[in-house]
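Reading the structure
Listed below are the residues making up each chain.
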Amino acid sequence: MSTCSRCGIEFLCGMADSGAVEPCWCTALAALPASALMQSEDNFDAASCLCPACLHSKIESLRGEAVRADK
């Protein structure tokens, strides 16, 4: 099991957890830019995985920032 570096919940990461034969669930989602991973307010390790809820939340947050920046 992997531990989310943002919220601390345990979850299955298809890339990091042993025995994975399928691509990880996260490969079907939009990739986060490296700059988003380095933002200090998130307080997580950029080299670690995020759980589904935190990754979805981060992607939506970035989409919201992009919409506000376009205005």
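Anything mentioned here points back to the structure above.
Note that the structure is a prediction, hence the values are computed from the model and not measured. (Residues numbered from 1 in each chain as written. Predicted model: local features only at pLDDT ≥ 70, side-chain atom pairs only at ≥ 80, totals over all residues. Heavy atoms only, no water.)

Scanning the protein for helices and strands turns up 2 helices and 2 strands. Listing each helix as α and each strand as β along the protein from the N terminus yields β-β-α-α. By the burial criterion, 27% of the 71 residues in the protein qualify as buried. Contacts in the protein between residues far apart in sequence, at least 24 positions, make up 55% of those at least 6 positions apart. In the form shown here, the protein has an accessible surface area of approximately 4800 Å², with 56% of it arising from carbon and sulfur atoms. (Helix = DSSP H or I, 4+ residues; strand = E, 2+ residues; numbered from the N terminus. Buried < 20%, exposed > 50% of the residue type's maximum accessible area, 1.4 Å probe, protein only. Contact = heavy atoms within 4.5 Å. Areas by Shrake-Rupley, 256 points an atom, 1.4 Å probe, with all protein chains shown as cover.)

Just distances and angles here, no functional claims.
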